[in-house]
Amino acid sequence: MLVVTVTFTLKPGMRDTFLPLMVENASTSLREEPGCHQFDVCLGDDPEKVFLYEVYDDSVAFSAHLESAHFQSFDVAVADMIATKVVHQYSEVIR
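Residues numbered from 1 in each chain as written. Predicted model: local features only at pLDDT ≥ 70, side-chain atom pairs only at ≥ 80, totals over all residues. Heavy atoms only, no water.

A.B. asks: Sorry if this is basic, but what is going on with the side chain of S29 here?
C.D. replies: With respect to the helices and strands, S29 occurs in helix α1 (residues 15-32). If we ignore the near neighbours within four places in the chain, the residues touching S29 are C36, H65 and H70. (Helix = DSSP H or I, 4+ residues; strand = E, 2+ residues; numbered from the N terminus. Contact = heavy atoms within 4.5 Å.)

As structure tokens, this is what we get:
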């Protein structure tokens, strides 16, 4: 299993616009992409911080997600909303 976490720092005032797009993108991954099993969105006290947690079969499934049309359209749609995005991959997770 491959666990991916993404920390987004949003531009001020973008949280309410960004979140529905991110949740729809992750939900589409679960419905349409083999190898994508779970996601969770975490919000903190800082309105500009959003944390995403995703679980994939392996790095191949995650790479397929990054190359999917719906992910690429999401990336374009939110580009002006994000100040920074940090992706971490943790492999060899024990089930």
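A.B. asks: What is the right way to look at α1 in this model?
C.D. replies: Since one α-helical turn is 3.6 residues long, residues separated by three or four positions face the same way. The terminal C-alpha atoms of α1 lie 26 Å apart, and with 18 residues this matches the ideal 26 Å at 1.5 Å per residue to within 8%. Turning to α1, its buried residues number three or more, namely R15, F18, L19, M22, N25, A26, S27, T28 and S29. Residues of α1 that are buried make contact with β1 (2-10), β2 (36-43), β3 (49-56), α2 (59-67), α3 (69-78) and β4 (82-91). (Expected span 1.5 Å × (residues − 1). Buried < 20%, exposed > 50% of the residue type's maximum accessible area, 1.4 Å probe, protein only.)

A.B. asks: Is there a simple way to think about the environment of F39 in this case?
C.D. replies: Checked against the element boundaries, F39 lands in strand β2. Separated by 17 residues in the primary sequence, F39 and Y56 have C-alpha atoms spaced 9.4 Å apart. Those residues in contact with F39 that lie beyond four places of it in its chain are V23, A26, S27, L30, L52, Y53 and E54.

A.B. asks: What should I look at first to understand the nonpolar core in this one?
C.D. replies: The nonpolar side chains of a soluble globular protein tend to be buried with one another. In this structure, F8, F18, M22, V50 and Y56 are the most contacted members of the largest nonpolar core, which totals 19 residues. Listing elements by their share of this core, those giving two or more residues are β1, α1, β3, α2 and α3. With five residues, β1 is the largest single contributor of residues to this core. When sequence neighbours within four positions are dropped, the list of residues in contact with F18 reads F8, L10, V50, F74, V78, M81 and I82. (Core = buried A, V, L, I, M, F, W, Y, C linked by side-chain atoms within 4.5 Å.)

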